[in-house]
Amino acid sequence: MLKQRVITALVLMAILLPALLYPSPVPFAVVALVMMAAAAWEWGRLNGLGQGASVALGLLCLAACGASWSAGWLQRPLFGLWIAGGAAWVLGGAALLRAGVAGWPRIPRALRLAGGLAALWLAWLAVAQARTIGINFLLSVLTLVWAADTFAYFAGRSFGLRFTKGKLAPSISPGKSWEGVWGGMAGVVLLACVWVWLDNSRGAAVPSFYTLLARAGWWLLLLGAVFMAAMSVVGDLVESLVKRSAGAKDSSQLLPGHGGVLDRIDALLPTLPLALMLSHLASFSA
């Protein structure tokens, strides 16, 4: 299993890194597009569609992303879209977690499929636009999720249930604790402060997500970092809820040793559009 995980990780790095570092944002947008289409296929299977219908859902995701790309949306501010998408994630995520695993099958399947497709399309649009803004900006958003997950893991292992009596969401993801969430938030705040210092010290040509928030005020940087860390947990829990409802351990086996594409991007689905939303808000406040 370890060898399989390492090989898969190396293959992914060999594809993603050249696409990310290429002078044009086009290769990375294409790679991200393929990943979102694969995630849409997984979403269809998790929601009871057959192989053919799931493939059709993946192609529909591909078409939606391609249409917005050809319409020039990667170069447009789309502030209203980011607000709408962010609000949908905050309100919808809270409603889904409140309803729990039992509440998911009660939502009409057509609505579940449409909601998942919209979330994947919005995330692709956000990640492609983030790469268009600049590598420094994109990496600062991506590493936010990785830092939150890493710090949450070690904080949960070290301090889980020491300060609270109950776990975060035992019926959805039994391994998560409130201490892990707080550790993840602390890790993101630390990452944000270090990134702002690095941007300022080396005179970054393209500001990071954190620097954009800091320019509007350190209060916004701290609140934004904590909020984004919290929403990364929401994305993770929502996908866990769907998998538990479907009786699946992983979203698929497309990435040997790592599960499926959705398993790797679940926390990014809410944080990517929210990062664009907060960045635009910060630019208005600066």
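You'll find the structure just up there.
Scope of this entry: the structure provided in the associated data block. Quick caveat: nothing in here was measured; it's all calculated off a predicted structure.

### Considerations on unusual backbone geometry
- The residue Leu 78 is not glycine, and still its phi comes out positive at about 55 degrees.
- Along the polypeptide, Leu 78 turns up in the loop between helix H3 (51-70) and helix H4 (79-103).

### Brief notes about the nonpolar core
- Among the nonpolar cores identified, the biggest contains 82 residues, and Trp 82, Leu 120, Trp 124, Phe 209, Tyr 210, Ile 265 and Leu 272 are the most heavily contacted of them.
- Not counting residues within four places of it along the chain, the set of residues in contact with Trp 124 comprises Ala 29, Ala 32, Leu 33, Met 36, Cys 65, Ser 68, Trp 69 and Leu 74.

### Remarks on the packing of aromatic side chains
- One pass over the structure, following the stated rule, counts nine aromatic pairs.
- Both rings, one in Phe 137 and one in Phe 209, keep their centres 6.4 Å apart while their planes meet at 80 degrees; by these two values the pair is edge-to-face. Residue Phe 137 is found in helix H6 (residues 135-159), and its partner Phe 209 is found in helix H8 (residues 209-216); the two are separated by 72 residues along the sequence. In this structure, Phe 137 and Phe 209 share a single accessibility class: buried.
- The interplanar angle of 50 degrees and the centroid separation of 5.8 Å between the aromatic rings of Trp 195 and Tyr 210 together place this pair among those described as tilted.

### Describing the packing of H6 against helix H11 (residues 268-285)
- Between H6 and H11, the shortest axis-to-axis distance is 10 Å and the interhelical angle comes to 135 degrees. By the angle between their axes, H6 is oblique relative to H11. For H6 against H11, the interelement crossing comes out right-handed. Residues Phe 137, Val 141, Leu 142 and Val 145 of H6 pack against Leu 268, Thr 271, Leu 272, Ala 275, Leu 276 and Ser 279 of H11.
- Classifying every residue of the contact of H6 with H11 by side-chain character gives eight nonpolar, two polar and no charged.

Calculation rules
Residues numbered from 1 in each chain as written. Predicted model: local features only at pLDDT ≥ 70, side-chain atom pairs only at ≥ 80, totals over all residues. Heavy atoms only, no water. Helix = DSSP H or I, 4+ residues; strand = E, 2+ residues; numbered from the N terminus. Core = buried A, V, L, I, M, F, W, Y, C linked by side-chain atoms within 4.5 Å. Buried < 20%, exposed > 50% of the residue type's maximum accessible area, 1.4 Å probe, protein only. Contact = heavy atoms within 4.5 Å. Phe/Tyr/Trp six-rings, centres within 6.5 Å; stacked < 30°, edge-to-face > 60°. Axes fitted to C-alpha atoms, helices over the stretch in contact; angles between N-to-C directions. Parallel < 35°, antiparallel > 145°, perpendicular 65-115°, else oblique. Left-handed = near helix turned anticlockwise from the far one by under 90°. Nonpolar A, V, L, I, M, F, W, Y, C, P; charged D, E, K, R; others polar.

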